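Breakdown of the fold
Chain residues, written in single-letter form:
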Amino acid sequence: MKAAWNGSTRKETLPPDWETAIRPRILKRDGYRCQHIRYDTGRKCGAFANQVDHIHDRDDHRDSNLQSLCQHHHQIKSSSQGGTAAATRRQAAKKRRHPGLLP
Ligand SMILES: [Zn+2]
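Residues numbered from 1 in each chain as written. Predicted model: local features only at pLDDT ≥ 70, side-chain atom pairs only at ≥ 80, totals over all residues. Heavy atoms only, no water.

As a further point, take the coordination of the zinc ion. Looking at the metal site, the zinc ion is ligated by Cys-34 (SG), Cys-45 (SG), Cys-70 (SG) and His-73 (ND1), spaced 2.0 to 2.4 Å from it. Seen from the zinc ion, its four donor atoms lie at angles of 103 to 121°, and the figure they make is tetrahedral. (Donors = N, O, S within 2.8 Å, 3.2 Å for Na, K, Ca; no water. Tetrahedral: all angles 85-135°; square planar, octahedral: opposite > 155°, others 65-115°.)

Of the two faces of strand E1 (residues 51–54), the one holding Gln-51 and Asp-53 and the one holding Val-52 and His-54 are both buried throughout. Here E1 pairs with strand E2 (residues 66–69) via four bridges, running antiparallel. Paired with His-54 across the two strands is Leu-66, which belongs to E2. (Buried < 20%, exposed > 50% of the residue type's maximum accessible area, 1.4 Å probe, protein only. Helix = DSSP H or I, 4+ residues; strand = E, 2+ residues; numbered from the N terminus. Pairing = 2+ DSSP bridges.)

Here the focus is the packing of aromatic side chains. In the structure shown here, the tally under the stated rule is one aromatic pair. Measuring from ring centre to ring centre gives 6.3 Å for Tyr-32 and Phe-48, while their planes differ by 5°; the resulting arrangement is stacked. Here Tyr-32, found in the loop between helix H1 (18–29) and E1, pairs with Phe-48, found in the loop between H1 and E1; they are 16 residues apart in sequence, far enough to count as distant. Take Phe-48: its relative accessible area is 52%, and that puts it in the exposed class. (Phe/Tyr/Trp six-rings, centres within 6.5 Å; stacked < 30°, edge-to-face > 60°.)

If you look at the biggest cluster of nonpolar residues, it comprises seven residues: Trp-18, Ile-22, Ile-26, Leu-27, Ala-49, Val-52 and Leu-66. The greatest single-element share of this core, amounting to four residues, is contributed by H1. Beyond its immediate stretch of four places on either side in the chain, Val-52 contacts Trp-18, Arg-23, Ile-26, Leu-27, Leu-66, Gln-67 and His-74. (Core = buried A, V, L, I, M, F, W, Y, C linked by side-chain atoms within 4.5 Å. Contact = heavy atoms within 4.5 Å.)

This part takes up the side chain of Asp-30. Among the structural elements, Asp-30 can be located in the loop between H1 and E1. Take Asp-30: its relative accessible area is 13%, and that puts it in the buried class. At a separation of 2.9 Å, a polar atom in the side chain of Asp-30 contacts the side chain of Ser-68. In this view, Asp-30 contacts Gln-35, Gln-67 and Ser-68; residues no more than four positions away in its chain are not counted. (Polar contact = N/O pair within 3.5 Å; in protein donor to acceptor, adjacent residues only side chain to side chain.)

Right under this line is the structure:
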């Protein structure tokens, strides 16, 4: 199932070997563990990672700019980068504690 992106303006383009080479390489490098640093403990999340995320520039596909994330943290990060994210985050904030306190 695809997420309902209305962000057709996203200029994000992934290299042709993203799925076949880059993604698996990063996941393997990180041991399939989420590299997100938890705010509360200052340590890596360490949950099973199945997503590869751009740390900074989304057009920079070098290994040094890529990290593995679990589904949970990838969603948080991609929603904070997407154009529609503000609304999603506002909704989430009603249900949750301050985002900075989330694990
Ligand atoms: Zn995580």
